[in-house]
Amino acid sequence: MTQQGAALQGYNNELVKCIEDLCMQKEELNKQIQQGEEEKNKLQHEIQVLNEQLECVCENLAQKVASRNELDKILAETEAAYMKILDSSRTLLNVLKKEVGSLKHTPELKTN
């Protein structure tokens, strides 16, 4: 019976060692899981911060594009009005030149 008791004791020792090994593996996995969760939370926070920054940049960009479009419209209107002024000035100059030219041919304005 001592032989059986010794065998049982050997099995028990191996069983306890296996259980201890499994507990150590579980503790190591728990540490890795905790580290993974911390990393995940950190990355999720960074993503949230980046998304907020992206939203601000997009809003700012949209405002600037709207301002640029308004400036384009104002510039186009101003250039069109300026071209009308130039055209009117040219027409006025041509009319004035004709009038001055016709005045030179009238006898009253000729000098003796």
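Residues numbered from 1 in each chain as written. Predicted model: local features only at pLDDT ≥ 70, side-chain atom pairs only at ≥ 80, totals over all residues. Heavy atoms only, no water.

Participant: Tell me about the overall build of the chain, residues and numbers included.
Facilitator: Broken down by element type, the chain carries one helix and zero strands. Expected size for 112 residues packed as a compact globule is a radius of gyration near 13 Å; at 47 Å, the chain overshoots this value by more than 25%. Over its C-alpha atoms, taken along the principal directions, the chain stretches across nearly 160 × 15 × 15 Å. Per-residue burial over the chain gives 0% buried out of 112 residues. For the chain, the accessible surface area stands at approximately 10,700 Å², while carbon and sulfur atoms represent 60% of it. Taken together, the 14 basic and 19 acidic charged side chains of the chain have centroids lying 19 Å from each other. (Helix = DSSP H or I, 4+ residues; strand = E, 2+ residues; numbered from the N terminus. Rg over C-alpha atoms; globule rule 2.2 N^0.38 Å. Buried < 20%, exposed > 50% of the residue type's maximum accessible area, 1.4 Å probe, protein only. Areas by Shrake-Rupley, 256 points an atom, 1.4 Å probe, with all protein chains shown as cover. Lys, Arg positive; Asp, Glu negative; His and termini not counted. Charge placed at Lys NZ, Arg CZ, Asp CG, Glu CD.)

Participant: If you had to explain the pattern of salt bridges to someone new, which residues and values would you point to?
Facilitator: One pass over the structure, following the stated rule, counts two salt bridges. A salt bridge links Asp 87 to Arg 90; its shortest N-O distance comes to 3.0 Å. In this pair, Asp 87 and Arg 90 both sit in helix α1 (residues 2–104), three residues apart, roughly one turn of the helix. (Salt bridge = Lys/Arg side-chain N within 4 Å of Asp/Glu carboxyl O.)

Participant: So what's going on with the UniProt feature "coiled-coil region" (unreviewed entry) in the chain? Which residues, and what values?
Facilitator: Under the local residue numbering, the UniProt record ascribes the feature "coiled-coil region" (unreviewed entry) to residues 19–60. Helix makes up 100% of residues 19–60 and strand 0%, and the two end C-alpha atoms of the span are 61 Å apart. (UniProt positions renumbered as here; feature names shortened; annotations may be inferred.)

Participant: An account of the state of the cysteines is needed here, citing residue identities and associated values.
Facilitator: Inspection of every chain in the model, using the stated rule, returns zero disulfides. In this structure Cys 58 is a free cysteine whose sulfur lies 9.4 Å from that of Cys 56, the closest cysteine sulfur available. (Disulfide = S-S within 2.5 Å.)

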